[in-house]
Structure formats: structure tokens, C-alpha cells
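Here is what each chain is made of, one letter per residue.
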Amino acid sequence: MTYAITQNCCTDATCVAVCPVNCIHPTPDEPEFGSTDMLYIDPRSCIDCGACADACPVDAVLPADGLTGPQQEFAAVNEAYFRDRRPSATDGGPNFHAWGEPRFERSLPSDFAPIRVAVVGTGPAGMYAAEDLLLHTNAEVTLVDRLPVAGGLVRYGVAPDHPGTKRIGDTFARFHSHPRARLHLGVEVGRDVTTEELAAHHHAVVYAVGASADRRLGIPGEDLPGSVPATTFVSWYNAHPDVPADAVAPAGERVVVVGTGNVALDIARILVSDPDALAGTDIADHALAALRAAPVREVVLLGRRGPEDAAYTRSELRALHHLDGVDLVVDDHDPRIGAAVDAAGPAGKAALVEDVTRVPVDWSRPPAPGRRIVFRFHSSPLEILGEEAVRAVRVTGPDTERSIPAGMVIRAVGHRGAPLAGLPFDEATGTVPHEAGRVAGRPGIYVVGWIKRGPSGGIGANRTCAAETVGTLIADAVAGALPEPAYPPKAFRRLLGRRASGGVVDARGLAAIDRAERARGRRDGRPRVKLATVEELLATARRPRWAPRP
């Protein structure tokens, strides 16, 4: 028996580090790392030790002969990755992959003094940085987040029907109560404390603030009611406190989603999924109620390029094939689409829609009976039509423009970082200028995650990104390049006590929120029922443990 990596793979390479026979690839040292949809186990050299399964933070590694349902195909997916990659055996043993030379990239002097580091943001990027600091140095870490609950994109960006991916949050949660970590949630840098004050209380500050803004289409009608950015829609169904329950109202039988990335697929899947199936997830109560009442039966995914260049990953597209009662269709409106699919080899991305029905869609007619997702490649939006609300989208075609009637448009064309007061900002890239994570001209200030590299890469990409930033920070500390804090350690907590307008949530308060949400979930047979407003979160964090649950 061998093991196989399945759809939930977060690509953070934790499994690579524990594999005793080097059978998981690509590794962080290999050129392909970060460019593949997932990691893969070579069935020829796997020795069935299970170390990778024990280490996987998202439960994506399973025995190949125990895979069931849609996961069964991943045994072949893992094997196919190595089909044309046949490294020669090194010593006649079970390991068919050569090991690189051992490297010790970090070497701390024996008298390395403890440093105080603030990490702003508790999403994957910030928590990978905190984990690295807490496990590999004697640093004291201050975790700061503007929301009164931790998690970032793990809590508010992962689709509710992907519970395996959300499990990485349990890994991060171990560090919220670490003896050298202090959690300060509900604290906004720029409102409750300035960047200068934060720096004055720490040797270093790592900003992991992500890319919270959405990219705009720049077309007429973009701001009509019913035209919604993907950031808002995803936050709405994930109970983000910044997005009220009535911010989104799915309307009409057809919804157009601009984009073909994984976020666009998540949105399409949520819109056409059976609400009864979503009822077993942690989807926001208000979103579930709205989706039950919504008339949506068809989602159209607009892709500017062809199927060979679609932005979705293979594993996310495969998931659509297994949606109960949902048909997949490719609008065969352009001869380039069929040509790309027919010419694609087994490894080509266009081959992923080879078995999807290709028919020209008559957009003058209402959606076909049932529920379906339609891919319309080689088509860009030109204008969102409507007077008081969205009623159609004017799009390009091979020979002529045409209008697609729709009751809602969701713009899923990417995220963008926002400027942070006190830090430099590159408007062209939406990032903070840096050198290997070190902010230019700002001693002791660092960045990690999407605000560092732009909105690319999934959860696991932040692990190597954080390793680079933390490595730079440690090198600066060893070189004596970090400024000394102007205040003693406890002064920052006292400052927040005076400043934080809504109160500060610590590790104990966060645990109270977690208990309350899980208890609400147990009553309804769900993993948790999220508290959806800042007021609810703060009130629950302050409630004594013995107090009756609401």
C-alpha cells in the first residue's frame, strides 16, 4: 500500500520534511515548487510509513487503496506526475530520489538575546511567521489583528464546503497560547496604535496584512446594485463582520462570475450547491437562508483567455465534476476552444474540460432546466447593463458582441493590497517594497504574504514566504541591525488597554469564542456556527466560562 495526496493539499511542504525516503515532490528546493497545483507522492518509492499523513495539517494524505468517491482518482493523479520523471536509483534501496547536500541556513549564536517581534495579521502568512519564530528562536511574539477573532483567510476566505483545508487553522491555533506569544485581537494599526508606536515597543514588526481590496474591471455599470466584488461575496458567506447580512442578495436565475480562478469556482459551486448540503458546513446562517430562497440555477464563468490558460487548479475543477445534480457546460461559441481542447495532451490544462459537454449556448433563452455551471472562454465583459440593478452583461465574442441576461454579476478578477499608514507602498503592484521581506529604508520592519509578493499562491505558499522573511529578520538581529525597543515588554499591553476602542481579545477570549461557536454548531449538527458581528464576538470573548450560553 502507498499513500496519495488528495485535493485538500495546501502545498506547505510539511510532509516533505518528514518523509524518510524523499518520495514527495516537488520539494521547496526544486524549480517546480510553487508552480504545481499540489504535491505528489511517488508510489514507486513510498514505503507506507505514514509519516506524511501524520504531519499533514489539512488531512490531505491518505492510503491510496482506501480512497473512496471523488478522491479515488487522486491515486492516478499522484502516479501520473512521476510518469515522465524517472530519476535513477541511488543505492539500490527503496529511495529512488537523490538527496541534496544537507544545509543549515540558520545559525544563531549561543548568546543570542531574546527579541520582541510583533506580527500584524493572524492569517496563514502571519501565523507561519509566528510559528517559525517561536519554534526556531527564543523570540517573544506579539500577535495583533484588527478583528476580534484570529484566522484571516483560513476563517474568512476558505469556502465552507472545504472543511479539510480549514483544518490548518488548528495547527496555527496551537501558537495562540504559546508561552512566548501574546495575542491582541481587535486592535487596528493606524486606529488604536500607530506604526511608529508599534515599532517603538518591539525590536521588529512583521506585517502580514494581506490584500484585502478587490481589482476593478474598469467598465461601465460596474457599480450597479447587484454587481459585487468576489471579496465581498466570499466574506458574506463566511460571516465576516465587515460584511453585513444584507450586503449580498443573490437575484435572478443566472449569475455571471467574471474570472476562472479558484475563487470564481468556489463562488459558482456555492451558488449552485444544494442548500441542504451546505447546511452541514460552517456557512453563515444569513447566507444559507438567502441561498435557500434564491432562484439561481445557472452560473456563467467568463474567461478572457482559453481553457488552456484558465486560472483554476486541476483539483478545484475536478471537484465541480462531482457536484450532485449540477451539469458542466462549455459554451462552444469560439472555434479556438474546441481546437485547444482537442489538441491538449494529458497534462494540458485544456484537457480538464475534455469530457465536459461543448455546445453553443443560446443566451436569448432562460437557463436550461436544472442547475449548471457554464464556462465561456475567450470572452471579456465590456459593460454591465441595467438602470436600477444589474440585468445583463455585454461581452465579447469571436465575431460580435452579445449580451448575457443576468440578475447578478460577481467580479472575481483578483485581490489587491491596500496602503498602510507609515509604510511605503507600490501602487503598481499593490505591495510594500522590500528586500527578501525587509522593508526598504525601515530598520526592523518586515512584510510577509500577499502584501509582500502580491495576491498569488495559496495557503502553503506562505510557509516558504515566511521562512524567507524570518530568515532576513534573524540575520538582521544577529548583525545587530534591529533597533532597541523604547519601552519595557508590558508597556504595550498597557498602551492597548488605554487605546483599543472596543476592548482587546486575548487567547482566553479567543478560546471562549471558539467554544461558543462549536457549541452552537453541535446543536445543529454543524462544525460550528460563526458569530457574525464584532459586537457578538466581543461579548462572547468577555463572557465568563461559567455563564450560560446564548
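Here the residue index of a chain counts from 1 through its sequence in written order. It should be noted that, the model being predicted, local features are given only for residues of pLDDT at least 70 and side-chain atom pairs only at 80 or more, the latter also being counted only at that level, while totals for whole chains, interfaces and linings use all residues. Neither water nor hydrogens contribute to the side-chain values; these are computed over all heavy atoms in the structure.

J.: Would you explain the nonpolar core in this entry?
T.: Across soluble globular proteins, you tend to see nonpolar side chains buried next to one another. In this text, buried Ala, Val, Leu, Ile, Met, Phe, Trp, Tyr and Cys residues form a nonpolar core when linked through side-chain atoms within 4.5 Å. Using a 1.4 Å probe on the protein chains alone, a residue whose accessible area is under 20% of its type maximum counts as buried, one over 50% counts as exposed, and one in between counts as partly exposed. In terms of nonpolar packing, the biggest core is built from 74 residues, with Ile24, Leu39, Ile41 and Val117 touching the most fellow members. Here a helix means four or more residues in a row that DSSP labels H or I, a strand means two or more in a row labelled E, and each is numbered from the N terminus. With seven residues, the top contributor of residues to this core is helix α4 (residues 124-136). Not counting residues up to four positions away in its chain, the partners in contact with isoleucine 41 are Tyr3, Ala4, Ile5, Cys23, Ile24, Cys46, Cys52, Val61, Asn78 and Phe82. Formed by 51 residues, the second largest nonpolar core is a distinct cluster that contains Val234, Val243, Val257 and Ile283. The criterion used for residue contact is that any of the two residues' heavy atoms lie within 4.5 Å.

J.: Would you explain the sheet that holds strand β14 (residues 357-359) in this entry?
T.: Paired through their backbone hydrogen bonds, the strands of a sheet run either parallel or antiparallel. Across the sheet, which stays open at both edges, the seven strands sit in the order β10-β19-β11-β12-β15-β13-β14 with parallel pairing between neighbours. Every other strand in the sheet has two partners, leaving β10 (227-229) and β14 as the edge strands with one partner each. Across the sheet, the mean angle from the axis of one strand to that of its neighbour is 25°, orientation sign disregarded. Sheet topology note: the strand β13 (residues 326-331)/strand β15 (residues 371-376) ladder contains five bridges and is parallel. In the sheet register, aspartate 327 faces β15, and the bridge partner there is arginine 372. DSSP calls a pair of strands paired once it identifies at least 2 bridges connecting them. To obtain an axis, a line is fitted to C-alpha atoms, over the contacting stretch when the element is a helix, and the angle between two such axes runs from 0 to 180 degrees between their N-to-C directions.

J.: Could you clarify how one ought to interpret the side chain of arginine 318 in this entry?
T.: As for its position among the elements, arginine 318 is in helix α13 (residues 314-321). With a relative accessible area of 17%, arginine 318 lands in the buried category.

J.: Could you clarify how one ought to interpret helix α17 (residues 491-499) in this entry?
T.: Think of an α-helix as turning once every 3.6 residues; residues three or four places apart then point the same way. For α17, every residue scored as buried is listed here: Ala491, Phe492, Leu495 and Leu496. Around the axis of α17, the buried residues are gathered within 135° of arc, so they sit on the same side. Exposed residues pointing more than 90 degrees away from the buried face of α17 are listed as Arg493, Gly497 and Arg498. The arc in question is the one traced by the directions running from the helix axis out to the C-beta atoms.

J.: Explain the packing of aromatic side chains here, please?
T.: Describing an aromatic ring pair means giving the distance of the ring centres and the angle of the ring planes. Two rings belonging to Phe, Tyr or Trp (six-membered ring only in the last case) form a pair when the distance between their centres is within 6.5 Å. Interplanar angles under 30 degrees mark stacking, angles over 60 mark edge-to-face geometry, and anything in between is tilted. Overall, the coordinates contain seven aromatic pairs when judged by the stated rule. Relative to phenylalanine 82, the ring of tyrosine 81 lies with its centre 5.0 Å away and its plane at 90°, an arrangement referred to as edge-to-face. On the basis of an interplanar angle of 85° and a centroid distance of 5.0 Å, the ring pair of tyrosine 128 and phenylalanine 172 is categorised as edge-to-face. Pair noted here: tyrosine 128 is in helix α4 and phenylalanine 172 is in helix α7 (residues 168-173), with a separation of 44 residues, a long-range link. Taking the relative accessible area as the measure of exposure, tyrosine 128 reaches 3% and is therefore buried. With a relative accessible area of 4%, phenylalanine 172 lands in the buried category. In textbook terms, an aromatic cluster arises when at least three aromatic residues are bridged by ring pairs, as seen for Tyr40, Tyr81 and Phe82.

J.: Before we go on, may I ask you to explain the pattern of salt bridges in this structure?
T.: Any two side chains of opposite charge can pair, given that their charged atoms come close. Note on definitions: salt bridges are taken to be side-chain nitrogens of Lys or Arg within 4 Å of carboxyl oxygens of Asp or Glu. For the structure on display, the rule yields 37 salt bridges. Across the salt bridge formed by arginine 518 and aspartate 514, the nearest N and O atoms sit 3.0 Å from each other. Highlighted residues: arginine 518 and aspartate 514, both in helix α18 (residues 507-524), separated by four residues, approximately one helical turn. Across the salt bridge formed by arginine 528 and aspartate 514, the nearest N and O atoms sit 2.7 Å from each other. You can see arginine 528 sitting in the loop between α18 and α19 (534-542) and its partner aspartate 514 sitting in helix α18, a full 14 residues away along the chain. Judged by relative accessible area, arginine 528 falls into the buried class, the value being 14%. Judged by relative accessible area, which is 26%, aspartate 514 ranks as partly exposed.

J.: When you look at the environment of aspartate 276 in this model, what are you seeing that I'm missing?
T.: Structurally, the position occupied by aspartate 276 is in helix α11 (residues 275-278). Spatially, the C-alpha atoms of aspartate 276 and aspartate 324 are 12 Å apart, while their sequence positions differ by 48 residues. Side-chain atoms alone can form a polar contact between residues adjacent in sequence; in general such a contact is a pair of N or O atoms within 3.5 Å, and within protein one must be able to donate a hydrogen while the other accepts it. Reaching out from aspartate 276, the side chain makes a polar contact with the side chain of arginine 292 at a distance of 2.8 Å.

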